[in-house]
Amino acid sequence: GAVVSQHPSWVICKSGTSVKIECRSLDFQATTMFWYRQFPKQSLMLMATSNEGSKATYEQGVEKDKFLINHASLTLSTLTVTSAHPEDSSFYICSAPHPQLAKNIQYFGAGTRLSVL
Amino acid sequence: GQQLNQSPQSMFIQEGEDVSMNCTSSSIFNTWLWYKQDPGEGPVLLIALYKAGELTSNGRLTAQFGITRKDSFLNISASIPSDVGIYFCAGMKTSYDKVIFGPGTSLSVIP
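Worth saying up front: this structure is predicted, and the values here are computed from it rather than measured.

**With respect to the packing of aromatic side chains**
Within the structure shown, the criterion is met by 9 aromatic pairs over all chains. Ring geometry for F108 of chain A versus F101 of chain B: centroids 5.5 Å apart, planes at 75°, classification edge-to-face. Of the two residues, F108 of chain A sits in strand β10 (residues 106-108) while F101 of chain B sits in strand β10 (residues 100-101), which places them in two different chains. Both residues of the pair, F108 of chain A and F101 of chain B, belong to the buried class. Centre to centre, the rings of Y35 of chain B and F101 of chain B are 5.6 Å apart; their planes meet at 40°, and the pair counts as tilted.

**Considering the layout of surface pockets**
In this structure, the largest pocket spans a volume of roughly 470 Å³. If you trace the largest pocket, you find 21 residues lining it, with Q38, P40, K41 and Q42 of chain A together with I86 of chain B closest to the centre. Of all the elements in the fold, those that place two or more residues in the lining of the largest pocket are β9 (85-92) and β11 (105-110) of chain B. Of the residues contributing to the lining of the largest pocket, the split by class is 7 nonpolar, 10 polar and 4 charged.

**Topic: the interface of chain B and chain A**
Taken together, the 21 residues of chain B in the interface contact 22 residues of chain A. Between chain B and chain A the total buried area reaches about 1,700 Å² when both faces are included, carbon and sulfur atoms providing 61% of it. Taken as a group, Y50, Y96 and K98 of chain B account for 35% of the area that chain B buries against chain A, more than any other trio of residues on that side. Taken together, the connections running from chain B to chain A amount to 1 salt bridge. Note that E59 of chain A is salt-bridged to K98 of chain B, the shortest N-O span being 3.2 Å. If you list the elements that add at least two residues to the side of chain B that touches chain A, you get β4 (31-37), β5 (44-49) and β9 of chain B. Considering each element in turn, the side of chain B that touches chain A owes the most residues, 4 residues, to β4 of chain B. The residue makeup of the side of chain B that touches chain A, split by class, is 12 nonpolar, 6 polar and 3 charged.

**Topic: the environment of A90 of chain B**
Inspection of the secondary structure assignment puts A90 of chain B in strand β9. Classification of A90 of chain B by relative accessible area gives buried; the value is 0%.

**Focus: the environment of Y96 of chain B**
Turning to its location among the elements, Y96 of chain B is positioned in the loop between β9 and β10. Sequence-wise, Y96 of chain B and V19 of chain B are 77 residues apart; in three dimensions their C-alpha atoms are separated by 31 Å.

**Points about the sheet that holds strand β1 (residues 4-7) of chain B**
All names here are of chain B. Taken together, 5 strands build an open sheet; the order of strands is β1-β3-β8-β7-β6 and the sheet is antiparallel. Each edge of the open sheet is held by one strand with a lone partner, namely β1 and β6 (55-58). For this sheet, the mean inter-axis angle between neighbouring strands, taken without regard to orientation, is 15°. Bridging between strand β7 (residues 61-65) and strand β8 (residues 71-76) involves 5 bridges; their strand directions are antiparallel. Looking at the pairing, T62 lines up with N75 of β8.

Definitions and cut-offs
- Residues numbered from 1 in each chain as written.
- Chains lettered and ligands numbered in written order.
- Predicted model: local features only at pLDDT ≥ 70, side-chain atom pairs only at ≥ 80, totals over all residues.
- Heavy atoms only, no water.
- Phe/Tyr/Trp six-rings, centres within 6.5 Å; stacked < 30°, edge-to-face > 60°.
- Helix = DSSP H or I, 4+ residues; strand = E, 2+ residues; numbered from the N terminus.
- Buried < 20%, exposed > 50% of the residue type's maximum accessible area, 1.4 Å probe, protein only.
- 1 Å grid on protein atoms, 1.4 Å probe; cavity = no way out; pocket = protein on both sides within 12 Å on 5 of 7 lines; lining within 4 Å.
- Points joined across faces, edges and corners; volume = space filled by probe spheres on them.
- Nonpolar A, V, L, I, M, F, W, Y, C, P; charged D, E, K, R; others polar.
- Contact = heavy atoms within 4.5 Å.
- Buried area = accessible area lost by both parts, 1.4 Å probe.
- Salt bridge = Lys/Arg side-chain N within 4 Å of Asp/Glu carboxyl O.
- Pairing = 2+ DSSP bridges.
- Axes fitted to C-alpha atoms, helices over the stretch in contact; angles between N-to-C directions.

Take a look at the structure:
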C-alpha cells in the first residue's frame with residue numbers, strides 16, 4: 001500500500017488565489033520530504049527540500065515566497081502556492097525517504113494536479 | 001549541473017517482447033533507482049541499486065548498476081500490456097539526498 005499520501009489529488013483555483021497541498025508520511029516519521037513539479041510530458045524537477053523544524057531548501061530558480069513550505073510535524077509537509085497564476089498549473093508530487101523500506105529510498109505520493117484558471 | 005540521459009526516448013513493442021533501456025550520467029551516483037509512472041500518478045519504485053556492478057531482479061524486471069557508477073540499464077522480459085508507462089531512472093548521491101530524475105522512456109506495448 002501507499003506509504004506517502006498527498007491531498008488533494010486535484011485542485012482547480014482562480015488566478016490570484018492560494019492553494020495548499022499536503023504531503024503525509026504514513027506509519028513512519030520523515031524529517032525530510034521533497035517537493036517536485038512535473039509539466040506535461042516532462043520529467044520530475046525538484047523544487048525544494050522540506051526540513052522538519054527548519055527552513056526549506058529551495059532549488060535554484062524556485063521562488064521561495066511563491067512556494068511556501070511548512071514541515072510542521074514529522075509526518076506532514078505542506079506546499080502553498082501563493083497568488084497562483086495559469087503558468088503554475090502543473091503536477092506537484094512529494095516524496096519522503098522511508099527509514100526501514102529499501103534503505104531510505106524515497107517513496108512518492110500520488111501527486112496533486114493543479115489547474116489555475 | 002547533474003544530468004541524466006535516458007535512451008531510447010520512446011519505444012513501441014509487441015506484447016511478449018523483451019525491452020531494454022539505458023541511463024547515463026555526467027557524474028557519479030551512489031544509488032541508482034528505476035521508477036515507473038502511470039498517467040496522473042506518482043512514480044512507483046521498481047528497483048533500487050546500491051553497489052557498482054550490482055544486478056538486481058524484481059519479477060520480470062532486471063536492472064544493473066554500472067561499474068563506473070555513471071550508468072544503469074533496465075530490462076523487462078516478456079512484456080505485457082500493463083507495462084505501458086513512463087520509466088524514469090534516477091540517481092542519489094547519498095541516503096536522504098535529493099533524487100535526480102532522467103527524462104524518462106515512454107513504453108507502449110502493442111497487444
